[in-house]
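Close look at the chain arrangement
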Amino acid sequence: MEHIRYSAAACQTDFANPIDRRSMRANTERMLSMIDSAVAGAAPFLPVRLVVFPEFAHAAPVFPTVAELIDKLAISIPNEHTERLEQKAKEHDIYIQSGSMLEVDSKWPGHVFNTTCLIGPQGLIQKFRKVNTWIPYEVHTSPHDLPDYDEPLFPVADTPIGKLGCAICYDWLFPEALRQLAANGAEVLIRVSAYMDPWGATEPMAWWTIVNRCRALENMAYVVAANQGASLKHYPPYSWPGGSQIVDFDGRLLAEASPGPGERIVVAPIDVSALRHERAARRGHHMLAHLRSEAYPVYQRHQYPPQIRENSDALSYELNNALIDEAKSNLEKDLAAVKDPHQS
């Protein structure tokens, strides 16, 4: 059996924010150059086979309404950017998890998705649409919220470099999202992220590091996490701490970019064969096998979004806040209805 071991590169970016489709091309050009650098830098050592970019590397939601995003920035997939990445993947025989882009799909008119693509030497393999949008600010549609959505929410690609699954930024604060990827077979969990201060890679919060390490160890999977490294002047109103990381299946940090804005490339080994051996041999701390799924009735009822809007209503900051208020009210009612087990 072939031993599957290679390097992964997490590439964080610091671009000016595109305000139209034409200006997205400069971002893509720079990412192609970063791929060349990642491959060349690792060539004398363990060759790179996986390159990952952060959320919003192609375009960020700089306009507050869905209508403006559709008019000025959103694009269908495949497109000229994915085609350029396909050419680069074929050139180097690698797999690329693209930065996210704002996607429109004729199947879902009036909606915008925050989407990243997995691209290999053979072309576009799969795309992942952010499920847990960062509300109230993000007005992208979660595919979860479309009643007739018929594509997998958490797809996993079986590739020669392992089984790859991806989730975007805020998705990672929901352990269920990464657990589902692992349940779908993922061995390498890819985080395409724009995680801002003060929740970044440094103390006293360090959510970025805590979450990456926890998701790795609880799912017995590698994590390759590329974070946005944009300066405040490029992507206001937040500063972006970078700190891109690669973590092994026991939660060990294998590589970490220095915190702070700016371009970085960090590289570390991914040993899929060792992971498969560990999953097969381990008896203790095998949380995937030990999961008592029926013990958690919370997942048997609907929580978000509450049903207070028509599906035709365009998402907005104001509507997101109304949905959050209703969800919190419903949660309080649910908690009040739970009988205290110590009362007779």
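Structural notes, computed from the coordinates.

**Overview of helix α8 (residues 317-337)**
Here α8 contains 21 residues, and its C-alpha end-to-end distance of 30 Å stays within 8% of the 30 Å for a straight helix at 1.5 Å per residue. Among the residues making up α8, those that are buried are Leu 319, Asn 320, Leu 323 and Ala 327. The arc enclosing the buried residues of α8, seen along the axis, measures out at 95 degrees, which places them on a common side. Set apart from the buried face of α8 by more than 90 degrees, the exposed residues are Glu 318, Asp 325, Glu 332, Lys 333, Leu 335 and Ala 336.

**Comments concerning the pattern of salt bridges**
Pairing between side chains of opposite charge can happen when their charged atoms approach one another. Tallying each qualifying case throughout the model produces 21 salt bridges. Across the pair Glu 55 and Lys 130 runs a salt bridge, and its minimum N-O distance is 3.0 Å. Of the two residues, Glu 55 is situated in the loop between β2 (48-52) and α2 (66-72) and Lys 130 in the loop between β6 (123-129) and β7 (156-159); the sequence distance between them amounts to 75 residues. The class of Glu 55 is buried, set by a relative accessible area of 1%. Classification of Lys 130 as buried rests on a relative accessible area of 1%. In this structure, Arg 129 and Asp 105 form a salt bridge, with 2.8 Å as the shortest nitrogen-oxygen distance. Taken together, the positions of Arg 129 in strand β6 and Asp 105 in the loop between β4 (101-103) and β5 (113-120) put the pair 24 residues apart, joining distant regions of the chain. Judged on exposure class, the residue Arg 129 and its partner Asp 105 are both buried.

Conventions we followed
- Residues numbered from 1 in each chain as written.
- Predicted model: local features only at pLDDT ≥ 70, side-chain atom pairs only at ≥ 80, totals over all residues.
- Heavy atoms only, no water.
- Helix = DSSP H or I, 4+ residues; strand = E, 2+ residues; numbered from the N terminus.
- Expected span 1.5 Å × (residues − 1).
- Buried < 20%, exposed > 50% of the residue type's maximum accessible area, 1.4 Å probe, protein only.
- Arc of directions from axis to C-beta.
- Salt bridge = Lys/Arg side-chain N within 4 Å of Asp/Glu carboxyl O.

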